[in-house]
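Single-letter residue listing:
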Amino acid sequence: MKILALIPARKGSIRLKNKNMVLVKKKPLIYHTIKAALESKLKKKNIYLYSDGDHIINYGSKFLGNNAIKRPANVSKKNSSMYSTIKSFLKDKKEYDYLLLLQPTSPLRTFSDINKSIEILEKNKNADGVLSTYQVRNKKNIIFNKLMIEKNNFLTQAKKIDLNINKIYMRNGPAILLIKIKCIKKELYKCKLLNYKMSEKKSVDINTLKDLKKL
């Protein structure tokens, strides 16, 4: 299983200025994702930081060397999709089977979470990937377009909410998306994805000052 890890880190952020370099536990936000990746079973040579910010690249290169690379301006806009960013990144990387997307806004995701996600996929050869979620236990703060349910062992978009009937999950960023490269499409979550369940506490997704206060 050849896995290529991508840490996308745009310099521009609207709700939280310079988000990826904001200090969390006295370290830049992005540090925690780089650290988790390096401590995991991933090979260091297969871990990449992809950013349009020179200051972010310079910081990341302390840990990843030449694998901290420039993200083109055309996929670094505020409305650039994750799909377009992934396709740009993969353009000259043909020898891998899977992409592991590690968004730096999930600082509580650990090397253990990465390893367990890989192990889940290794044991389920009929799956296309693994997606991290947490279980929704009440309707407060629900983001409807992130809701998922399990159906026939795979995740699918939840069309309605009934907490009395189904266990409903919400994508937590996602902190982890491990997916077959050949299955990557504009709608990233349409393929056969297994559920890697994380706690709500570990699923903090940092995009605002309010999110930071949850840590």
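Everything in this summary refers to the structure shown in the same document. Being a predicted model, the structure only gives us computed values, none of them experimental. (Residues numbered from 1 in each chain as written. Predicted model: local features only at pLDDT ≥ 70, side-chain atom pairs only at ≥ 80, totals over all residues. Heavy atoms only, no water.)

Here we look at the nonpolar core
Most often, soluble globular proteins keep nonpolar side chains buried together rather than apart.
So, point 1. By size, the foremost hydrophobic cluster in this structure holds 33 residues, and its most contacted members are Ile30, Leu42, Leu49, Leu100, Ile114 and Leu178.
So, point 2. Aside from chain neighbours lying at most four places away, what touches Leu49 is Ile7, Ala9, Ile30, Ile56, Ile57, Gly60, Leu64, Asn67, Ala68 and Ile69.
So, point 3. The next biggest cluster of nonpolar side chains, apart from the first, holds 22 residues, and it includes Tyr48, Tyr96, Met148 and Leu155. (Core = buried A, V, L, I, M, F, W, Y, C linked by side-chain atoms within 4.5 Å. Buried < 20%, exposed > 50% of the residue type's maximum accessible area, 1.4 Å probe, protein only. Contact = heavy atoms within 4.5 Å.)

Focus on the packing of aromatic side chains
So, point 1. For the structure on display, the rule yields 4 aromatic pairs.
So, point 2. Judged by centre distance (5.6 Å) and plane angle (65°), the ring pair of Tyr48 and Phe89 falls under edge-to-face. With Tyr48 in strand 4 (residues 47-51) and Phe89 in helix 3 (residues 82-90), this pair connects stretches of sequence that are 41 residues apart.
So, point 3. According to the relative accessible area criterion, Tyr48 is buried, its value standing at 15%.
So, point 4. Over the face of the ring belonging to Tyr48 we find Lys93, whose NZ or CZ atom lies 5.1 Å from the ring centre.
So, point 5. In this structure, Lys93 packs its charged tip against the face of Phe89, placed 4.6 Å from the ring centre. (Phe/Tyr/Trp six-rings, centres within 6.5 Å; stacked < 30°, edge-to-face > 60°. Helix = DSSP H or I, 4+ residues; strand = E, 2+ residues; numbered from the N terminus. Lys NZ or Arg CZ within 6 Å of the ring centre and 35° of its normal.)

Points about the state of the cysteines
So, point 1. Under the defined criterion, the tally for this structure stands at 0 disulfides.
So, point 2. The thiol of Cys183 is unpaired, and the distance to the nearest cysteine sulfur, on Cys191, comes to 5.3 Å.
So, point 3. Classification of Cys183 by relative accessible area gives buried; the value is 17%. (Disulfide = S-S within 2.5 Å.)

Looking at helix 4 (residues 111-122)
So, point 1. The terminal C-alpha atoms of helix 4 lie 17 Å apart, and with 12 residues this matches the ideal 16 Å at 1.5 Å per residue to within 8%.
So, point 2. Asp113, Ile114, Asn115, Ser117, Ile118 and Leu121 are the residues of helix 4 that are buried.
So, point 3. Buried residues along helix 4 sit in contact with strand 1 (3-9), helix 1 (29-39), strand 6 (98-101), strand 7 (129-136), strand 11 (177-180) and strand 12 (193-197). (Expected span 1.5 Å × (residues − 1).)

Topic: the pattern of salt bridges
So, point 1. Counted according to the given criterion, the structure contains 10 salt bridges.
So, point 2. Residues Glu39 and Lys35 are paired through a salt bridge, measuring 3.1 Å at the closest nitrogen-oxygen approach. Taken together, the positions of Glu39 and Lys35, both in helix 1 and 4 residues apart, correspond to about one turn of that helix.
So, point 3. One salt bridge connects Lys70 with Asp54, and the closest N-O pair in it is separated by 2.8 Å. Of this pair, Lys70 sits in strand 5 (residues 68-70) while Asp54 sits in helix 2 (residues 54-64), and the two are 16 residues apart along the sequence.
So, point 4. Assessed through its relative accessible area of 48%, Asp54 is described here as partly exposed. (Salt bridge = Lys/Arg side-chain N within 4 Å of Asp/Glu carboxyl O.)

Notes on the side chain of Asn67
So, point 1. Following the sequence through the fold, Asn67 ends up in the loop between helix 2 and strand 5.
So, point 2. Taking relative accessible area as the criterion, Asn67 reaches 13% and is therefore assigned buried.
So, point 3. Setting aside its immediate chain neighbours within four residues, Asn67 contacts Lys44, Lys45, Asn46, Ile47, Tyr48 and Leu49.

Some details on the pairing of strand 1
So, point 1. Counting buried residues along strand 1, 7 of its 7 residues qualify, which places the element largely inside the surrounding structure.
So, point 2. Burial of the side chains of strand 1 extends over both faces: Ile3, Ala5, Ile7 and Ala9 are buried on one face and Leu4, Leu6 and Pro8 on the other.
So, point 3. Strand direction decides the pairing type here: strand 1 and strand 4, joined by 5 bridges, are parallel. Its bridge partner lying in strand 4, Ala9 is registered against Ser51. (Pairing = 2+ DSSP bridges.)

Brief notes about the side chain of Asn172
So, point 1. Among the structural elements, Asn172 can be located in the loop between strand 10 (168-171) and strand 11.
So, point 2. Overall, Asn172 belongs to the buried group, its relative accessible area being 2%.
So, point 3. For Asn172, the side chain forms a polar contact with the side chain of Ser132, separated by 2.6 Å.
So, point 4. Ignoring any residue separated from it by four or fewer positions in sequence, one finds Asn172 in contact with Ser106, Ser132, Thr133, Tyr134, Met198 and Ser203. (Polar contact = N/O pair within 3.5 Å; in protein donor to acceptor, adjacent residues only side chain to side chain.)

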